[in-house]
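Letter by letter, the chains look like this.
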Amino acid sequence: MEKQSSTPAVNVDQQRRSFLSGSVGLGLVGAGMAAGLVSSSVSATTQTKSDRMANYKAEQLERVTLDLVPPPMVPKHDQVAKGKPKVVQVKLVVEEKQVELENGTKAWVCAFNGSVPGPLIVCHQHDFVELTLVNPASNALAHNIDLHAATGALGGGELTLVSPGQEVTFRFKATKAGTFVYHCAPGGVMIPWHVAMGMHGAIMVLPRDGLKDAEGKPVKYDKAYYIGEADFYVPKDANGKYKAYDTVMGSMSEVLEVMKTLTPSHVVFNGAVGALTGKNAMTAKVGESVLFVHSQANRDTRPHIIGGHGDYVWPAGSFTDAPQTNLETWMVAGGSACAALYTFRQPGLYAYVNHNLIEAIIKGAAAHVKVDGEWDDNLMVQLKKPSSIATA
């Protein structure tokens, strides 16, 4: 793998400086300007010198490959870091395809590694993430990636813009511990359109010594799930039926008009209504502690476990802050991700929902957790079965 240059990039094309406010044309064809752009590296660390883990350079460290998995599953990882930081190699391939949201309703998506949301990336604070973004020649659009965990202009967006048939590799240091969104941001109106087509995911940067409670005691989890909430804007025809399109570009104009209303046709978990229910439900056992990572790249949301709680919740995603405890519902701001840990105490079928119940029940933002184990009458019991009303 090529060694990254430590020479700062200079004389960057002025058009790229207006990256975020660029036209649709920049989003479609401007990726060619990314060719040959040299990434710069920061020579001084913002961490204190007493923290030796923060002072390693990427060239000094072991390289490992993170095996990404489709959500809601989470890559295999250590909750407490072992040894020195690592250079964590990650590969994301963009797939433009049509998916079924529910009952024959279809939408075009731009999917990182074929899934909406894209896979959860996991590393530890002070690790380096070396990410390769691949845009196959079969795609129609230019793409890039803005990682909220990255430190630097546009979260890596300027350094990763690739046209169909190109790939790019860049590296960033995970300086902050927490949960963060990543998404495509190719410029202008293409930014909200690509996000509304499901082109987003999350990265979890764990503290090197693991999660802690407010008193600094270790907090462990037995399993983890990643839930990516997405809002879709599917146009309707004159008869009120959802429309379908033959090509991704063919959908753009009318989808944008629906997006301007700020009223989604669907609000879903992991790419479709019912994607995490039935045979695809998440699972747990009584006594198991489960970490739920929840992201929303576009709109505010409010996760809730019906019949459970957030024993420990990092609602703003920062693992360096003390978690809130014993919450019934927690907020996730649009463009962010949170983490919540709950130890299941009773068996049964739990509903994990966006507690705007209109969005959960009518628009699709609901999931299930099937929990096995022994029932505890001490926590809940039916004292009398339904029967005729007693008369005096």
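Just above, that's the structure.
Residues numbered from 1 in each chain as written. Predicted model: local features only at pLDDT ≥ 70, side-chain atom pairs only at ≥ 80, totals over all residues. Heavy atoms only, no water.

## Observations concerning unusual backbone geometry
Part 1 of the reasoning: Of note, the amide linkage connecting P71 to P72 takes the cis form, showing an omega dihedral of 10°.
Part 2 of the reasoning: Topologically, P72 is positioned in the loop between β1 (62-65) and β2 (86-102).
Part 3 of the reasoning: A cis amide bond, omega 0°, links V116 with the succeeding residue P117.
Part 4 of the reasoning: Mapped onto the fold, P117 is located in the loop between β3 (105-112) and β4 (121-124).
Part 5 of the reasoning: In this structure, N103 takes a positive phi of about 45° despite not being glycine.
Part 6 of the reasoning: As for its position among the elements, N103 is in the loop between β2 and β3.
Part 7 of the reasoning: Residue class for N103 comes out exposed when judged on its relative accessible area of 73%. (Helix = DSSP H or I, 4+ residues; strand = E, 2+ residues; numbered from the N terminus. Buried < 20%, exposed > 50% of the residue type's maximum accessible area, 1.4 Å probe, protein only.)

## Topic: the sheet that holds strand β20 (residues 348-354)
Part 1 of the reasoning: Taken in spatial order, the 4 strands make up an open sheet running β14-β21-β20-β16, and their pairing is mixed. The sheet terminates laterally at β14 (282-285) and β16 (303-306), the two strands that pair on one side only. Sheet twist, expressed as the mean angle between neighbouring strand axes with direction ignored, is 25°.
Part 2 of the reasoning: For β20 and strand β21 (residues 366-372), the ladder comprises 6 bridges, and the chain directions are antiparallel. Its bridge partner lying in β21, Y350 is registered against V369. (Pairing = 2+ DSSP bridges. Axes fitted to C-alpha atoms, helices over the stretch in contact; angles between N-to-C directions.)

## Section: the sheet that holds strand β12 (residues 223-232)
Part 1 of the reasoning: Strands sit in the order β13-β12-β15-β19-β17-β18 across an open sheet of 6 strands; the sheet is mixed. At either margin of the open sheet sits one strand with a lone partner, and together these are β13 (266-269) and β18 (324-327). Pairs of neighbouring strands in the sheet enclose a mean axial angle of 25°, with direction left out of account.
Part 2 of the reasoning: Summarising the sheet, β12 and β13 pair through 4 bridges and their orientation is antiparallel. Pairing of A230 across the sheet is with V268, part of β13.

## Some thoughts on the packing of aromatic side chains
In this description, a pair of aromatic rings is defined by centroid distance and the angle of the planes.
Part 1 of the reasoning: One pass over the structure, following the stated rule, counts 9 aromatic pairs.
Part 2 of the reasoning: Ring centres of F292 and F344 lie 6.5 Å apart, and the angle between their planes is 75°; on these two criteria the pair is classed as edge-to-face. Taken together, the residues span a long stretch of sequence, with F292 in strand β15 (residues 289-296) and F344 in the loop between β19 (336-343) and β20 at a distance of 52 residues. No difference in accessibility class separates F292 from F344, as the two residues are buried.
Part 3 of the reasoning: Relative to Y352, the ring of F292 lies with its centre 5.1 Å away and its plane at 35°, an arrangement referred to as tilted. Here the residue F292 occupies a position in strand β15, and Y352 occupies one in strand β20, the gap between them amounting to 60 residues. (Phe/Tyr/Trp six-rings, centres within 6.5 Å; stacked < 30°, edge-to-face > 60°.)

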